[in-house]
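Summary of structural features
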Amino acid sequence: MKNERKRTFMLITIPILALFVCFNTIPLIRGVIYSFTNFKGFGSYDWVGFRNYIDLFSDARVGKSYLFTFKLAIVSTVVVNVVSLILALALNSKIRAKSFFRGAYFLPNILGALVVGYIFNYFFTYILPAIGSMIGSDAMSRSMLSDPDSAWIGIMIVCAWQAVAMNTIIYISGLQTVPEDVYEAGGLDGATGWKQFRYLTFPLIIPFFSINMVLCVKNFLMVFDQIMALTKGGPAQSTESISYLIYNNGMSGGQFGFQSANAVIFFLVIVTVSVAQMKFTGKKEEQL
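Now for a look at the structure at hand.

The next point concerns the environment of Ser76. Along the chain, the position of Ser76 falls in helix H3 (residues 60–92). Note: C-alpha distance between Ser76 and Asp225 (149 residues apart in sequence) is 15 Å. Those residues within four positions of Ser76 in sequence are excluded, and the remaining contacts are Met156 and Phe220. Within the structure, the side chain of Ser76 is placed 2.7 Å from the backbone oxygen of Leu72, a separation counted as a polar contact.

Rendered as structure tokens:
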């Protein structure tokens, strides 16, 4: 019986492992190898050693894309977590049609990022300027996506609008783990409203807050679909994220080897940021 179960587990695991190796591990290894070459994506190539990695640190376009990506990730993470936590508190309270509202707010998460991006592109390009012209607002009468100073705000709005749903579910799950006895005991000590949230609710949902922070930063650092649908890195390369730069210049710009090195560095950056976040939030959980 045990042998049959082991055989069944192996039959299930081996195909999945084979697919993972073929579509994840092997491309990753090949990408690392190409990062040490001058490969253009086609034809022959030569080994250049660490030249691509050295050139990365002197490339102004790469530096600009890292600054933009981190700015977008930090602002979007703050906005998403604040809005998600407020929504979760509201949806976890005793309100009518709670199930309906939970389903309605989750709708953006079901839609594809490209679909959402193209919808908002139309909204920012045509509908919002039309409304601005009607009310006589010069700032609103032109598309924010055409302005290098405001285009990133449009991307942030789209990213946040779609990410709020999943974060809210995680916060609701956390809020439902808080025992009612805690609130009753806190009420006897005068903990209500903001004090109740600060001293009772938030410390007990810190693990869920940590999960949301790590997932948000990781996902926003890897932003691609929204930029592809909204700005394609413009105007004047002001909204060019790292992922979009790697794709655009690597696939069609003849910099496959150079952008492979960029991808390796970017992978290490994401891992480092995620580990640092987990350690920081882990210490906070221990203190609480």
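Another point: the packing of helix H6 (residues 113–135) against helix H7 (residues 151–175). One way to put it is that H6 packs onto H7 with a least axis distance of 10 Å and a crossing angle of 135 degrees. Taken together, the axes of H6 and H7 lie oblique to each other. Here H6 runs over H7; the crossing is right-handed. Along the contact surface, H6 presents Ala113, Val116, Gly117, Phe120 and Phe124, while H7 presents Gly154, Ile157, Val158, Trp161 and Gln162. Classifying every residue of the contact of H6 with H7 by side-chain character gives seven nonpolar, three polar and no charged.

In this section: unusual backbone geometry. Looking along the chain, the bond that leaves Gly234 and enters Pro235 is cis, with omega of -10 degrees. The backbone of Lys232 shows a phi angle near 55 degrees, a positive value even though the residue is not glycine. Position of Lys232 relative to the elements: it lies in the loop between helix H11 (225–230) and helix H12 (242–251). Even without a glycine there, the phi angle at Ala236 is positive, about 55 degrees. Secondary-structure assignment places Ala236 in the loop between H11 and H12.

Rules of the game
- Residues numbered from 1 in each chain as written.
- Predicted model: local features only at pLDDT ≥ 70, side-chain atom pairs only at ≥ 80, totals over all residues.
- Heavy atoms only, no water.
- Helix = DSSP H or I, 4+ residues; strand = E, 2+ residues; numbered from the N terminus.
- Contact = heavy atoms within 4.5 Å.
- Polar contact = N/O pair within 3.5 Å; in protein donor to acceptor, adjacent residues only side chain to side chain.
- Axes fitted to C-alpha atoms, helices over the stretch in contact; angles between N-to-C directions.
- Parallel < 35°, antiparallel > 145°, perpendicular 65-115°, else oblique.
- Left-handed = near helix turned anticlockwise from the far one by under 90°.
- Nonpolar A, V, L, I, M, F, W, Y, C, P; charged D, E, K, R; others polar.

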